[in-house]
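Descriptive analysis of the structure
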Amino acid sequence: MSDLPETPVSEQARHAGPVSSRELDPEEIPSTDIVFECPHCAKSLSIDQRGAGLVIRCTQCGEPVTVPIPEGMAIEDFDATPEELSAQLLNTRQTLSRAQRRIAELEAEVAAFAAFREETKRARTAAEEAVSSLRLALARTLREQEAAFASAKEALALAVPPPPVPEKAAEPAKA
Ligand SMILES: [Zn+2]
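Residues numbered from 1 in each chain as written. Predicted model: local features only at pLDDT ≥ 70, side-chain atom pairs only at ≥ 80, totals over all residues.

**Comments concerning the overall build of the chain**
For the chain, the helix and strand inventory stands at two helices and five strands. The order of α-helices and β-strands along the chain, N terminus first, is α-β-β-β-β-β-α. Within the span of the chain, comprising 175 residues, buried residues form 9% of the whole. Taking contacts inside the chain between residues at least 6 apart in sequence as the whole, the part at least 24 apart equals 40%. (Helix = DSSP H or I, 4+ residues; strand = E, 2+ residues; numbered from the N terminus. Buried ≥ 20, exposed ≤ 12 C-beta atoms within 10 Å, placed from the backbone. Contact = placed C-beta atoms within 7 Å.)

Okay, here's the thing in structure tokens:
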């Protein structure tokens, strides 16, 4: 079993593909690459010159990093060819697409929160209504008990006095 050689990436495909940072391997860095450090985690990154001025994600920490523009060069120097423009456009589109996905996620979260709040409000209203009707029922019961108690007192007042308690029968003799 032998190792298959890596399929070489054509120059065309390399230019058409998305701009992405790579881990630093000095032997592989073409002299045209921009080498810089991630400001978040200090990881050494290298990227093709057409990445100058773009925002990429650090391969190590994933934070967005702006690729520096090499000294003595202006960003316009990298906008010369249609290939470079299309690479930048693709990168921008990907960033935009990520942002749109994030916006959609946030909108879904906001909608879910609004629904939750509405549900909570409904539940609270229902609970308040239940408590209020319990209070009414309790008040009615108390009034009814008071009325019943008052009637009972009246009835007792009108009633003939109870017969005298019969005298206690003699206790049976102990065995
Ligand atoms: Zn980093």
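Structure shown, so let's carry the discussion forward.
**As for the pairing of strand β2 (residues 34–37)**
Bridge count for β2 against strand β3 (residues 44–47) is four bridges, and the pairing is antiparallel. Directly across from E37, in β3, lies its bridge partner S44. In sequence, β2 turns back onto β3 through a hairpin of six residues, with A42 there showing a positive phi of about 65°. (Pairing = 2+ DSSP bridges.)

**Side note on the environment of I47**
Relative to the elements of secondary structure, I47 occurs in strand β3. In the structure, I47 is positioned 11 residues away from F36 in sequence and 8.5 Å away in space, judged by C-alpha atoms.

**A closer look at the confidence of the model for the chain**
Detailed reading of the predicted coordinates is not advisable wherever pLDDT is low. Of all residues in the chain, 71% attain a pLDDT of 70 or more, and the chain-wide mean is 78. For the chain, helix α1 (residues 11–16) is the element with the lowest average pLDDT, namely 39, and strand β5 (residues 64–66) is the one with the highest, namely 93. Across residues 1–19 the pLDDT falls below 50, and counting only partners more than four positions away or on other chains, this stretch makes 14 contacts in the model. (pLDDT = per-residue confidence, 0-100.)

**Concerning unusual backbone geometry**
At A42, a position not held by glycine, the phi torsion is positive, near 65°. Looking at the element boundaries, A42 is found in the loop between β2 and β3.

**Quick look at the environment of L85**
Mapped onto the elements of the fold, L85 is located in helix α2 (residues 82–158). By C-beta crowding, L85 is classed as partly exposed, having 13 other C-beta atoms within 10 Å. Along the chain, L85 and R50 lie 35 residues apart, while their C-alpha atoms are 8.5 Å from each other.

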